[in-house]
Amino acid sequence: MALNLDTLCVQAGYTPASGEPRQIPIIQSTTFKYATSEDMGRLFDLEAEGYFYSRLQNPTNDMVAAKICALEGGTSAMLTGSGMAANFFALFNICQAGDHIVSESGIYGGTFNLLSVTMAKMGIEVTFVSPDADDEELEKAFRPNTKCVFGETIANPALTVLDIERFAAFAHKHGVPLIVDNTFATPVNCRPGEWGADIVTHSTTKYMDGHGAAVGGAIVDMGRFDWMASADKFPGLCTPDESYHGIVYAQRFGKEKAFITKCTCQLMRDFGSVQSPQSAFILNLGLESLHVRMPRHCENGLAMAEFLSGHEKIESVNYPSLPGSKYYRLAQKYLPKGSCGVVSFEIKGGRAAAERFMKALRLAAIETHVADARTCCLCPAASTHRQMTDEQLASAGVPAGMVRMSCGLESSSDLIEDVKQALEAV
Ligand SMILES: *Cc1c(COP(=O)(O)O)cnc(C)c1O
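Small disclaimer: the values here were computed from a predicted structure and weren't measured.

About the criteria used
- Residues numbered from 1 in each chain as written.
- Predicted model: local features only at pLDDT ≥ 70, side-chain atom pairs only at ≥ 80, totals over all residues.
- Heavy atoms only, no water.
- Helix = DSSP H or I, 4+ residues; strand = E, 2+ residues; numbered from the N terminus.
- Rg over C-alpha atoms; globule rule 2.2 N^0.38 Å.
- Buried < 20%, exposed > 50% of the residue type's maximum accessible area, 1.4 Å probe, protein only.
- Areas by Shrake-Rupley, 256 points an atom, 1.4 Å probe, with all protein chains shown as cover.
- Lys, Arg positive; Asp, Glu negative; His and termini not counted.
- Charge placed at Lys NZ, Arg CZ, Asp CG, Glu CD.
- Axes fitted to C-alpha atoms, helices over the stretch in contact; angles between N-to-C directions.
- Left-handed = near helix turned anticlockwise from the far one by under 90°.
- Contact = heavy atoms within 4.5 Å.
- Nonpolar A, V, L, I, M, F, W, Y, C, P; charged D, E, K, R; others polar.
- Near = heavy atom within 4 Å.
- Polar contact = N/O pair within 3.5 Å; in protein donor to acceptor, adjacent residues only side chain to side chain.
- Domains from an automatic or database assignment.
- Buried area = accessible area lost by both parts, 1.4 Å probe.
- Pairing = 2+ DSSP bridges.
- Right-handed = clockwise from strand over helix to strand, strands pointing away.
- Core = buried A, V, L, I, M, F, W, Y, C linked by side-chain atoms within 4.5 Å.

**Brief notes about the overall build of the protein**
Okay, so step 1: Within the protein one finds 16 helices and twelve strands.
Okay, so step 2: Taken over C-alpha atoms, the radius of gyration comes to 22 Å for the protein, in line with the 22 Å a tight globule of 426 residues would show.
Okay, so step 3: Reported as C-alpha extents along the three principal axes, the dimensions of the protein are approximately 75 × 55 × 40 Å.
Okay, so step 4: Looking at the 426 residues of the protein, the share that counts as buried comes to 54%.
Okay, so step 5: For the protein, the computed accessible surface area is about 17400 Å², with 52% contributed by carbon and sulfur atoms.
Okay, so step 6: Once the 36 positive and 48 negative side-chain charges of the protein are each reduced to a mean point, those two points are 2 Å apart.

What follows is the structure, encoded as structure tokens:
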């Protein structure tokens with residue numbers, strides 16, 4: 001029986017047998033015991049499924065990963081210690097020194113830094129293209145050594161919407177997969193796999209957890225990309241892994257499982273960015289209500305965007321589901337149920353006005369976080385982009401008076417009242 005997303009949020013990933021715990025058990029154990037060395041040997045040879053050490057895999061994590069896999073409609077998935085680890089692993093699983101990545105430029109600052117600085121040091125180059133790039137610019141970005149295309153469904157905090165179908169078509173034309181970070185939309189609002197994305201990543205720290213309680217990430221493979229068809233591009237998946245008894249992942253595990261198996265056996269083994277089973281348990285509590293919370297975040301986000309766009313002290317409002325937004329058409333296509341709770345806007349009067357406004361807020365807290373049940377906000381010019389001058393800020397598309405507000409689950413009329421009185425203080 002094909003279950004609805006709402007049911008999967010509540011029940012997927014774990015089905016207890018008679019007499020077993022109703023809630024997912026937290027397997028707080030580093031190691032797992034075996035009766036014989038042969039039994040354990042079969043695990044190391046990847047001939048049997050099971051657990052031996054929690055740096056690589058843990059049963060609690062795998063139950064939660066299986067739920068996220070079901071939500072995205074994938075064939076295999078894994079949890080990671082953070083969203084940054086998820087993006088790094090997803091990219092590094094198919095890219096090595098001498099390779100090249102095409103990425104959309106609106107992406108999260110942390111991932112932008114990962115690609116442009118840290119991975120550059122590893123010999124992996126990146127070409128950034130605007131999410132609005134025309135066909136010619138997109139085509140020009142590809143090189144013979146390009147190994148994947150990367151983008152975010154809804155970029156944090158730029159709030160651009162990725163034309164997933166189009167980016168997927170370009171990636172596939174060049175024999176490489178499209179990796180999409182679906183953190184802000186969540187599978188409740190968009191399932192990138194349905195539009196051609198091959199690998200989906202998440203910072204589960206955001207809406208999936210949703211309560212500001214546990215840092216985490218996830219990678220989901222849609223199981224459709226045919227690695228063997230572009231075997232020369234993906235030696236890591238299509239030729240023997242000498243660090244793993246000469247195994248050829250794409251042959252042994254097929255399209256459905258090769259990517260995640262390699263990522264677990266190699267990258268998790270060597271980097272160990274595992275999520276703690278405690279965090280996975282907390283994440284699962286969040287997932288159980290994701291389908292109930294997301295519509296409310298979107299409702300509050302839209303109400304806030306509508307209120308702000310009519311206000312005389314506001315220069316501009318950026319929210320993809322607001323009619324008039326540059327991304328409204330794409331939002332209607334990919335995010336018909338709503339986009340997210342994050343709204344950004346520019347207050348007239350620049351940095352000083354934004355700071356005065358934020359100081360006057362009573363409900364919305366000043367935090368670097370987003371996608372929490374509690375409304376929070378941030379002035380990039382006074383925090384994340386602090387080192388930049390007003391001119392640099394303007395050219396980066398982050399004007400000094402810009403505020404990013406993540407609308408939580410409170411009453412939208414209370415949130416709007418709070419913003420209204422704070423704007424009066426400006
Ligand atoms: C927060 C975020 C990340 C990084 O995730 P962490 O869990 O903080 O490591 C990556 N991508 C997007 C879109 C994010 O919002």
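Here the narrative resumes.
**Focus: the packing of helix α12 (residues 290–309) against helix α16 (residues 412–424)**
Okay, so step 1: For the pair α12 and α16, the least separation of the axes is 10 Å and the interaxial angle reads 30°. Like other packed secondary-structure pairs, α12 and α16 cross with a definite hand, here right-handed. On α16, the residues that touch N300, A303, M304, F307 and L308 of α12 are S412, L415, I416, V419, K420 and L423.
Okay, so step 2: Partitioned by chemical class, the residues of the contact of α12 with α16 number eight nonpolar, two polar and one charged.

**Quick word on the site of the ligand**
Okay, so step 1: Near the ligand you find 14 residues, and of these N156, D181, S203, T205 and K206 are the closest.
Okay, so step 2: In this structure, a nitrogen atom belonging to the ligand sits 2.7 Å away from a side-chain N or O atom of D181.
Okay, so step 3: Here an oxygen atom of the ligand sits 2.6 Å away from a polar atom, N or O, in the side chain of T205.
Okay, so step 4: Ranked by residue count, the leading element in the shell around the ligand is helix α4 (residues 83–92), at three residues.
Okay, so step 5: Classifying every residue of the shell around the ligand gives three nonpolar, eight polar and three charged.

**Quick word on the domain arrangement of the protein**
Okay, so step 1: In terms of domain boundaries, the protein breaks down into domain 1 (5–285) and domain 2 (290–423).
Okay, so step 2: Using only C-alpha atoms to locate each centre, domain 1 and domain 2 end up separated by 29 Å.
Okay, so step 3: Of the roughly 2800 Å² buried between domain 1 and domain 2 on both sides combined, carbon and sulfur atoms contribute 63%.
Okay, so step 4: Considering only the surface of domain 1 that becomes buried against domain 2, L159, N189 and Y207 emerge as the three largest contributors, covering 27% of it.

**Details of the pairing of strand β3 (residues 125–129)**
Okay, so step 1: Relative to β3, strand β2 (residues 100–104) is paired through five bridges, and the arrangement is parallel. When the sheet's bridge partners are listed, V102 is paired in β3 with T127.
Okay, so step 2: Following the backbone out of β2, through helix α5 (residues 109–121) and into the adjacent parallel β3, one traces a crossover that is right-handed.

**Description of the nonpolar core**
Okay, so step 1: Core analysis: the largest hydrophobic core is formed by 98 residues, its most contacted members being I219 and W227.
Okay, so step 2: Counting residues per element, this core draws most heavily on helix α10 (residues 249–271), at nine residues.
Okay, so step 3: Non-local contacts of W227, meaning those with residues more than four positions away in its chain, are made with I94, P177, I199, F234, L237, C238, A250, A258 and F259.
Okay, so step 4: Judged by nonpolar contacts, the second largest core, of 34 residues, contains C298, A303, M405 and V419.

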